[in-house]
Amino acid sequence: MAEKIKFPDGREVDIHEFIAFMYGLSKSDVELLHMLMTEGKMTTDDIASKLNVTKASISKSLNSLIDKGLVEREKVQSEDKRKGRPNFMYWVDREKLYSRLDTDLEKLLTTLKGSIQKTMTVAI
């Protein structure tokens, strides 16, 4: 079961839903991110097999997560370099992700405080 975030009024939200909202992630993106966090380094073949989907269907989520800096990728050296597309290994660097979340939450809090202060000043 995923961790919940509790708001001051008692409402709770799943941590995955919160991260999805913060970064504009789809349900597929969040599922893939969570799997990479819990399973470790994986190839597209591993991911496709584990999620029971085609490799093509996960490429959009992988690219989105990489573009947002939430997932890492490195090329896997193959013995036969001339055939086919290169293989990549995907993973989540937990320390980097935590640092990113920490920084982004601080920015969000600063922006929110400024907006509230501006609204309160105008309203008075």
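Given the structure is predicted, the values throughout are model-derived calculations rather than measurements.

Let's talk about the pairing of strand S5 (residues 87-91)
Here strand S3 (residues 42-43) pairs with S5 via two bridges, running antiparallel. In the sheet register, Thr-43 faces S5, and the bridge partner there is Met-89. As judged from the five bridges shared by strand S4 (residues 72-76) and S5, these two strands associate in the antiparallel manner. Directly across from Arg-73, in S5, lies its bridge partner Tyr-90.

Some points on the packing of helix H2 (residues 27-39) against helix H4 (residues 55-67)
Relative orientation of the contacting elements H2 and H4 amounts to 75°, with a least axis distance of 9 Å. As summarised for this structure, H2 and H4 are arranged roughly perpendicular, according to the angle between their axes. Note on element contacts: H4 touches H2 through Ile-58, Ser-61, Leu-62, Ser-64 and Leu-65, opposite Ser-28, Asp-29, Leu-32, Leu-33 and Leu-36. For the contact of H2 with H4, the per-class residue count stands at six nonpolar, three polar and one charged.

What counts as what
- Residues numbered from 1 in each chain as written.
- Predicted model: local features only at pLDDT ≥ 70, side-chain atom pairs only at ≥ 80, totals over all residues.
- Heavy atoms only, no water.
- Pairing = 2+ DSSP bridges.
- Helix = DSSP H or I, 4+ residues; strand = E, 2+ residues; numbered from the N terminus.
- Axes fitted to C-alpha atoms, helices over the stretch in contact; angles between N-to-C directions.
- Parallel < 35°, antiparallel > 145°, perpendicular 65-115°, else oblique.
- Contact = heavy atoms within 4.5 Å.
- Nonpolar A, V, L, I, M, F, W, Y, C, P; charged D, E, K, R; others polar.

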